[in-house]
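What follows is the residue order along each chain.
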Amino acid sequence: MPVQRIAIFDINGTLYKKTSKEEFFKYICYRNNYKLLSLYHLTLFKLLGNLRLINQTQFKENFFNYLDGLPPNQVDRYAREYWSVEYPYYFNDKLLKRVEELRNEGVKIVCATGGLDVYMKPLFEFFEVDEYFCTQVRYTNQTYQVVGEACKEEEKIRRVEEHFGKGNFQVVEAYSDDPEAVLDIADKPYIIEEGEVKPYSK
């Protein structure tokens, strides 16, 4: 099998100009007339995550407690509504153009994001890609729990290797708003700073 040429794109802060975990939270509050009584709770866990006092998987499980009690089919419906409004209006035009250029060159388009699959998956009904990887969750006893590790840093690389086969792919380009591990394996890595695409120095 020939080596597959792929380009890896992060979503939040990269292709998508905003951050879906916070924006989707606002949307869920709007759709359910929630009072933001849990805002303190969410802010606390965000702070703990930023200070690295809890790991990414613990952060994801606790930050997204606001989804608890909403079954996956309902979250899926809200997510479709949400992405139908957000895409493509709040996406980076330069990167969307680059996606099409790469696709025309025969490069497979891969998205890898730390966002939860329960609300990220509907995006890809609007935005066509060859493959995508998200943080996987399961809904048990009205609670969403992360399955395995959050799709961040080295976990993104592991998921790509698992899908394409180690040594069977070449990352020709990678894009992220954070200096994360996936940029280190790309022939041409780029970092997004305030919406601008800049070469990334390894």
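The structure under discussion appears in the preceding block.
> Tell me about the nonpolar core, and please be specific about residues and values.
Counting 42 residues, the largest nonpolar core has F9, L15, F24, L67, L123 and F127 as its most contacted members. Mapped onto this core, the elements with two or more residues apiece are β1 (4-9), α1 (20-32), α4 (72-86), α5 (93-104), β2 (108-116), α6 (117-120), β5 (143-146) and β6 (169-176). Excluding anything up to four places from it in sequence, L67 contacts F24, I28, V75, L116, V118 and Y144. Counting residues in hydrophobic clusters, the runner-up holds 16 residues, among them F169, A174, L183 and I191.

> I'd love a proper account of the packing of aromatic side chains, names of residues and values included.
On inspection of all chains with the given rule, the structure shows 16 aromatic pairs. Plain terms: the ring middles of W83 and F91 are 6.2 Å apart, the flat faces sit at 65° to each other, and that makes the pair edge-to-face. Overall, the relative accessible area of 0% leaves F91 in the buried class. Judged by centre distance (5.0 Å) and plane angle (85°), the rings of Y87 and F91 are edge-to-face. Like F91, Y87 is buried. Three or more aromatic residues joined by ring pairs make a cluster, and in this case those are Y16, F24, Y27, Y82, W83, Y87, F91, Y119 and F127. When the ring centre of Y90 is taken as reference, the NZ or CZ atom of K18 above it lies at 3.9 Å.

> Could you give me a rundown of unusual backbone geometry, with the residues and numbers involved?
The omega torsion across Y87 and P88 is 0°, close enough to zero to call that bond cis. Positionally, P88 belongs in the loop between α4 and α5. Positioned with a positive phi, E153 is a non-glycine residue whose angle comes to about 50°. Residue placement: E153 occurs in the loop between β5 and α7 (154-164).

> Lay out the packing of α1 against α4 in plain terms, naming residues and giving numbers.
Running from N to C, α1 and α4 point in directions that differ by 110°, and their axes come no closer than 11 Å. When the interaxial angle is binned, α1 and α4 end up roughly perpendicular. Residue-level inspection shows S20, E23, F24, Y27, I28, R31 and N32 of α1 in contact with α4, the latter providing Q74, V75, Y78, A79, E81, Y82 and W83. In the contact of α1 with α4, the residues fall into 8 nonpolar, 3 polar and 3 charged.

> Break down a negative patch on the surface for me, with residues and values.
Together, E153, E154, D178 and D184 make up a negatively charged patch on the protein surface. Judged by relative accessible area, which is 35%, E153 ranks as partly exposed.

> So what about the state of the cysteines? Which residues, and what values?
Taken as a whole and assessed by the stated rule, the structure comprises 0 disulfides. Unpaired in terms of disulfides, C111 finds its nearest cysteine sulfur in C134, a separation of 8.6 Å. C151 forms no disulfide, and the closest cysteine sulfur to it belongs to C134, at a distance of 6.9 Å.

What counts and how
- Residues numbered from 1 in each chain as written.
- Predicted model: local features only at pLDDT ≥ 70, side-chain atom pairs only at ≥ 80, totals over all residues.
- Heavy atoms only, no water.
- Core = buried A, V, L, I, M, F, W, Y, C linked by side-chain atoms within 4.5 Å.
- Buried < 20%, exposed > 50% of the residue type's maximum accessible area, 1.4 Å probe, protein only.
- Helix = DSSP H or I, 4+ residues; strand = E, 2+ residues; numbered from the N terminus.
- Contact = heavy atoms within 4.5 Å.
- Phe/Tyr/Trp six-rings, centres within 6.5 Å; stacked < 30°, edge-to-face > 60°.
- Lys NZ or Arg CZ within 6 Å of the ring centre and 35° of its normal.
- Axes fitted to C-alpha atoms, helices over the stretch in contact; angles between N-to-C directions.
- Parallel < 35°, antiparallel > 145°, perpendicular 65-115°, else oblique.
- Nonpolar A, V, L, I, M, F, W, Y, C, P; charged D, E, K, R; others polar.
- Patch = residues over 30% accessible without salt bridge, like charges linked within 9 Å, V, L, I, M, F, W, Y side chains within 5 Å.
- Areas by Shrake-Rupley, 256 points an atom, 1.4 Å probe, with all protein chains shown as cover.
- Salt bridge = Lys/Arg side-chain N within 4 Å of Asp/Glu carboxyl O.
- Lys, Arg positive; Asp, Glu negative; His and termini not counted.
- Charge placed at Lys NZ, Arg CZ, Asp CG, Glu CD.
- Disulfide = S-S within 2.5 Å.

Geometric descriptors of this kind do not, in isolation, establish any biological role.
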